[in-house]
Amino acid sequence: MLQPQDQETVSLAPGLNLFPTLKPPNKTLFFHQITALVITFFAYASFHASRKPPSIVKSVLGPTFDGSNLRSNDPGWAPFNGPDGTHRLGELDLAFLTSYSVGMYFAGHVGDTIDLRLFLVFGMMGSGLFTIIFGLAYWLSVHLLGYFVGVQIFCGLFQSIGWPCVVAVLGNWFGKAKRGLIMGVWNSHTSIGNIIGSVLASGVLEFGWGWSFVLPGFLVIFVGVFVFLFLVVRPEDLGFALPGKEVELMNVENGDKVENEEVGLLESGSSGSLQAIGFLEAWKLPRVAPFAFCLFFSKLVAYTFLYWLPFYIRHTAVAGVHLSHKTAGILSTIFDIGGVFGGILAGGISDMIEARAVTSVAFLLLSIPALVLYRVYGSLSMITNITLMFLSGLLVNGPYSLITTAVAADLGTQDLIKGNSRALATVTAIIDGTGSVGAALGPLLAGYISTRGWNSVFFMLIVSILFAGMFLIHIVKAEIREKLNEGKWHWNSITTQ
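Residues numbered from 1 in each chain as written. Predicted model: local features only at pLDDT ≥ 70, side-chain atom pairs only at ≥ 80, totals over all residues. Heavy atoms only, no water.

Colleague: Help me understand the overall build of the protein chain, please; the structure alone is not making it clear to me.
Modeller: If you tally the helices and strands in the protein chain, you get 22 helices and zero strands. Across the 497 residues in the protein chain, those meeting the buried criterion constitute 57%. When contacts within the protein chain are restricted to residue pairs at least 6 apart in sequence, long-range pairs at least 24 apart make up 81% of them. In the structure as shown, the protein chain presents an accessible area of about 20,000 Å², 68% of it carried by carbon and sulfur atoms. (Helix = DSSP H or I, 4+ residues; strand = E, 2+ residues; numbered from the N terminus. Buried < 20%, exposed > 50% of the residue type's maximum accessible area, 1.4 Å probe, protein only. Contact = heavy atoms within 4.5 Å. Areas by Shrake-Rupley, 256 points an atom, 1.4 Å probe, with all protein chains shown as cover.)

Colleague: Honestly, the pattern of salt bridges in this entry has me stumped. Any pointers?
Modeller: For the structure on display, the rule yields eight salt bridges. One salt bridge connects Glu479 with Arg287, and the closest N-O pair in it is separated by 3.8 Å. Of this pair, Glu479 sits in helix α22 (residues 473-486) while Arg287 sits in the loop between α14 (279-283) and α15 (288-314), and the two are 192 residues apart along the sequence. Relative accessible area serves as the criterion here: at 32%, Arg287 is assigned to the partly exposed category. Notably, a salt bridge pairs Asp351 with Arg356, separated by 3.0 Å at the nearest N-O pair. Three or more residues joined by partner-sharing salt bridges are found here, namely Arg234, Glu236 and Asp237. (Salt bridge = Lys/Arg side-chain N within 4 Å of Asp/Glu carboxyl O.)

Colleague: What am I meant to see in the nonpolar core here?
Modeller: One broad trend across soluble globular proteins is that nonpolar side chains are buried collectively. Judged by nonpolar contacts, the single largest core of 126 residues is most densely connected at Leu120, Phe148, Trp209, Val227 and Ile313. With 19 residues, α15 is the largest single contributor of residues to this core. If we skip the residues at most four places from it in the chain, Phe148 touches Trp77, Pro79, Phe80, Leu92, Phe134, Ala137, Val142, His143 and Trp209. (Core = buried A, V, L, I, M, F, W, Y, C linked by side-chain atoms within 4.5 Å.)

Colleague: Help me out: how do you make sense of unusual backbone geometry in this one?
Modeller: Glycine aside, the phi torsion of most residues is negative, and most peptide linkages are trans. Going from Pro24 to Pro25, the amide bond is cis rather than trans, its omega being 5 degrees. Within the secondary structure, Pro25 is located in the loop between α2 (14-18) and α3 (29-51). Going from Ala78 to Pro79, the amide bond is cis rather than trans, its omega being 10 degrees. Mapping Pro79 onto the fold places it in the loop between α4 (53-61) and α5 (85-111). Backbone geometry places Ala319, a non-glycine residue, at a positive phi of 55 degrees. Relative to the assigned elements, Ala319 resides in the loop between α15 and α16 (325-331).

Colleague: Is there a simple way to think about the environment of Val167 in this case?
Modeller: Locating Val167 in the fold gives a position in helix α8 (residues 162-173). Sequence separation of Val167 and Ala429 is 262 residues, and the distance between their C-alpha atoms is 9.5 Å.

Colleague: Looking at this structure, how should I read a nonpolar patch on the surface?
Modeller: Nonpolar side chains collect at one region of the surface, where Leu136, Trp139, Leu140, Phe207, Trp211 and Leu215 lie side by side and expose about 600 Å² of accessible area between them. Only α6 (116-140) and α11 (211-230) provide two or more residues apiece to the nonpolar patch. Secondary-structure assignment places Trp211 in helix α11. (Patch = residues over 30% accessible without salt bridge, like charges linked within 9 Å, V, L, I, M, F, W, Y side chains within 5 Å.)

Colleague: Would you mind showing me how to read the environment of Ala317 here?
Modeller: Topologically, Ala317 is positioned in the loop between α15 and α16. Residues Ala317 and Ser381, 64 residues apart in the sequence, show an inter-C-alpha distance of 9.5 Å. Discounting chain neighbours no more than four positions away, the residues touching Ala317 are His322 and Ser379.

Colleague: Is there a simple way to think about the packing of aromatic side chains in this case?
Modeller: The geometry of an aromatic ring pair comes down to the distance between the two centres and the angle between the two planes. Inspection of every chain in the model, using the stated rule, returns 37 aromatic pairs. When the centroid spacing of 6.0 Å and the interplanar angle of 35 degrees are considered together, the rings of Trp283 and Phe293 count as tilted. You can see Trp283 sitting in helix α14 and its partner Phe293 sitting in helix α15, a full ten residues away along the chain. By relative accessible area, which is 22% here, Trp283 ends up partly exposed. For Phe293, a relative accessible area of 35% gives the class partly exposed. Summarising the aromatic geometry, the rings of Tyr303 and Tyr400 are spaced 6.3 Å apart at their centres and angled 85 degrees between planes, so their arrangement reads as edge-to-face. Taken together, the positions of Tyr303 in helix α15 and Tyr400 in helix α19 (residues 382-412) put the pair 97 residues apart, joining distant regions of the chain. Tyr400 carries the same exposure label as Tyr303, and that label is buried. Above the face of the Phe31 ring, Lys27 is positioned so that its terminal group lies 5.0 Å from the ring centre. Over the ring of Trp308 we find Lys58; its NZ or CZ atom is 4.9 Å from the centre of that ring. (Phe/Tyr/Trp six-rings, centres within 6.5 Å; stacked < 30°, edge-to-face > 60°. Lys NZ or Arg CZ within 6 Å of the ring centre and 35° of its normal.)

Colleague: What am I meant to see in the packing of α4 against α15 here?
Modeller: When two helices pack together, their arrangement is given by the angle between the helix axes and the distance between those axes. Across the interface, α4 lies against α15 with an axial gap of 7 Å and an inter-helix angle of 30 degrees. What the angle tells us is that α4 and α15 run roughly parallel. α15 is crossed by α4, and the crossing has right-handed handedness. On α15, the residues that touch Pro54, Ser55, Ile56, Lys58 and Ser59 of α4 are Leu306, Tyr307, Trp308, Pro310, Phe311 and Arg314. Looking at the contact of α4 with α15 residue by residue, the class counts come to seven nonpolar, two polar and two charged. (Axes fitted to C-alpha atoms, helices over the stretch in contact; angles between N-to-C directions. Parallel < 35°, antiparallel > 145°, perpendicular 65-115°, else oblique. Left-handed = near helix turned anticlockwise from the far one by under 90°. Nonpolar A, V, L, I, M, F, W, Y, C, P; charged D, E, K, R; others polar.)

Colleague: Got a minute to help me understand the confidence of the model for the protein chain in this structure?
Modeller: One rule of thumb: low pLDDT means the predicted coordinates there are not for detailed reading. Mean pLDDT over the protein chain: 82, with 81% of residues reaching 70 or higher. Mean pLDDT across the secondary structure elements of the protein chain bottoms out at helix α13 (residues 260-266), with 34, and peaks at α11, with 97. In the model, residues 66-72 has pLDDT below 50 throughout and makes nine contacts with residues more than four positions away in sequence or in other chains. (pLDDT = per-residue confidence, 0-100.)

Colleague: I keep staring at the environment of Val223 and nothing clicks. Help me out?
Modeller: By the element assignment, Val223 lies in helix α11. Between the C-alpha atom of Val223 and that of Tyr44, which follows or precedes it by 179 residues, the distance is 9.4 Å. Ignoring any residue separated from it by four or fewer positions in sequence, one finds Val223 in contact with Phe42, Ala43, Ser46 and Met124.

Colleague: Where do I start with α15 in this structure?
Modeller: In an α-helix, one turn spans 3.6 residues, which is why side chains three or four residues apart end up on the same side. When the terminal C-alpha atoms of α15 are compared, their 39 Å separation across 27 residues agrees well with the 39 Å that a helix rising 1.5 Å per residue should span. The sharpest bend along α15 reaches about 55 degrees and sits at Trp308, with the proline Pro310 one to four residues further on. Of all 27 residues making up α15, 24 are buried, and the element is well covered by its neighbours. (Expected span 1.5 Å × (residues − 1). Bend = angle between axes of the 7 residues up to and from the residue.)

As structure tokens, then:
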């Protein structure tokens, strides 16, 4: 059944030829699963590290507000230091995230048809190069808005390659068992990358904001070289069997009833075929659209924090004191630390109760009071600020992490497409690409709305969370009904009538 795929030309990672002891039978399937997990973890962490500098330098580039005692020390950087500076900064985020979301749709389909390792390395090299080019504007004294927008557009296109590739690789190496927990732990790369990027960018900010881009840019390139040398895309490339394939095929043969219309979507692919799925066909797969639109609003909230939290902290007094650029940047990492725990917790809970949508909606609803508390009481003291920021990060990033990893992998390898891992990058790109449209909108709106006050920004975030939850209501009801009928939840006897 795997013949068509096996006949494809696959370039084995050159590092394994340099170190033959890394090949089977010297190393086991488990060793290579962990290796793929670690390499893709650091690959995407480096992507996120290079996305963090714009949020760190916002308070240096942008305008200061009347009523703060910052103006004398913050001349800003044209064209971002004028009265409409926050608008220009928001438009910069829009340029990056729009090209990122558009590129994501194409990158997913391309990733299903070519060597994922080389495609991922191409994305990493381009991302690193354009991150460095952005930073060079500091030494070249560039003040042209078109330059910054153009660089961000290219950077977004290269960054869009990363996510479909790493998720597809991980989906190739791991079956469905404990996927939520495994991917919850693995998806902490987004928060770890944000933390690394924040610390790097904040640490060198005093030497000039250009260094805040150059260092993360070189980091992505360095990790890209490592990926080129050692990443193995699929277990078959080393002669291993697909993990969990027997279970997935057995489920198909036992045959849950599938509507004829759904079967027709993919009947062109034989049961063992690993042909890439069409873009529109992937959209029609069950539950793909609701989770994609839920992620639209979830990612809108998460990326508003990613791009504006250091700026917000810098311009909001904590215990009556305005923090420095460096301190504000480092303090913002508390949100990402909370996100690490949120992703792991959401993944573990969803595995335990076997209900991804129920877990996502629970986290979304709990995040609303957390954001209200952070806005109202976060400025009282450093302790309350850190505690409420951690809690907000945990609850906001929990469903975002779950949907972009375990849910995307589940939907991309569901029984309807007979475990076809070649569809995984396309489905992942649809879900995260739709989410990235929301990610582009959130920071842009924050840039405009913040001029009316931060209460308005937080209100926008809360409304977005409510919309995110609404898209999953139908799936939540289906999951609850399914678990009650299967007798997997203890209170099924209460609702059987």
